[in-house]
Amino acid sequence: MEFTTLQKDMIAAMKAKDKERKDAISSLVSAAKKAAIDEGCRDAITEEIVNRVILKEMKTVKEQIDGCPEERAELRKEYQTRYDIICEYAPAMLSAEEVKTVIQEKFAEVLATKNKGQIMKSVMGELKGKADGKVINQVVSDLCQ
């Protein structure tokens, strides 16, 4: 996801007076800016930084939804709306089959060791942000058996 796209969508939400959408996108924009400053590239916010921030925000909001008490239906609905909006901007994730293929092609020599920790260490650098960590863990576990 391009940073400029996020900014344009935030401005469009402001003009449309869509507060929920503006708030969700605004949180992504500010988190991306903060991440870029932390990494020392304030003026050139890369797509990789934006995608990483989006995935992190998705995870945070998902935890808020899961931790929200049942009797707080209004708050839960607000979190769900925010999650749905952030999901629109999330990068496409690899499926379990695609992850398995990548691991077997690029990490065959490490896979031969059957050492799950070593495999995960090698694989996560390549697939971080492209596939869900739980999916990667499951595929590696299956391949180590």
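Note that the structure is predicted; figures quoted are calculated from it, not measured.

### Thoughts on helix 1 (residues 3-15)
Residue pairs spaced three or four apart in an α-helix point in one direction, given the helix's 3.6 residues per turn. Taking 1.5 Å per residue as the helical rise, helix 1 with its 13 residues ought to reach 18 Å, and the 19 Å between its terminal C-alpha atoms agrees with that figure. Taken residue by residue, helix 1 has Phe3, Leu6, Met10 and Ala13 as its buried positions. Seen end-on, helix 1 carries its buried residues on one side only, within an arc spanning 85 degrees. Looking at helix 1, the residues exposed on the side facing more than 90 degrees away from the buried face are Lys8 and Lys15. Looking at the buried positions of helix 1, the neighbouring elements they touch are helix 2 (19-38), helix 3 (47-67) and helix 4 (73-89).

### Some remarks on the packing of aromatic side chains
Aromatic rings considered in pairs are described by the distance between their centres and by the relative angle of their planes. Here the structure, examined in full by the defined rule, presents zero aromatic pairs. Over the ring of Tyr83 we find Lys62, and its NZ or CZ is 5.6 Å from the ring centre.

### Some points on the environment of Ile54
Mapped onto the secondary structure, Ile54 falls in helix 3. You can call Ile54 buried: its relative accessible area is 0%. Each C-alpha atom, one on Ile54 and one on Ala13, is 18 Å from the other, the two residues being 41 residues apart in sequence.

What counts, and at which threshold
Position numbers for residues start from 1 in each chain and track the written sequence from start to end. Residues qualify for local features only when their pLDDT is at least 70, as the model is predicted, and side-chain atom pairs are given and counted only at 80 or more; totals for whole chains, interfaces and linings, by contrast, use all residues. Calculation of side-chain values draws on the structure's entire complement of heavy atoms; hydrogens and water are dropped beforehand. Helix and strand definitions follow DSSP, with helices as H or I runs of at least four residues and strands as E runs of at least two, each counted in order from the N terminus. Take the residue count of a helix, subtract one, and multiply by 1.5 Å to get its expected span. Burial here depends on accessible area, computed with a 1.4 Å probe over protein chains only, as a share of the maximum for the residue type. Under 20% is buried, over 50% is exposed, and the range in between is partly exposed. Think of it as the arc spanned by the lines of direction from the helix axis to the C-beta atoms. By the convention used here, residues are in contact when the closest approach between their heavy atoms is within 4.5 Å. Note on aromatic pairs: the rings of Phe, Tyr and Trp (six-membered ring only in Trp) are paired at centre separations within 6.5 Å, and the planes decide the class, stacked below 30 degrees, edge-to-face beyond 60, tilted for the rest. Two limits define a charge over a ring: the Lys NZ or Arg CZ must be within 6 Å of the ring centre, and within 35 degrees of the ring normal.

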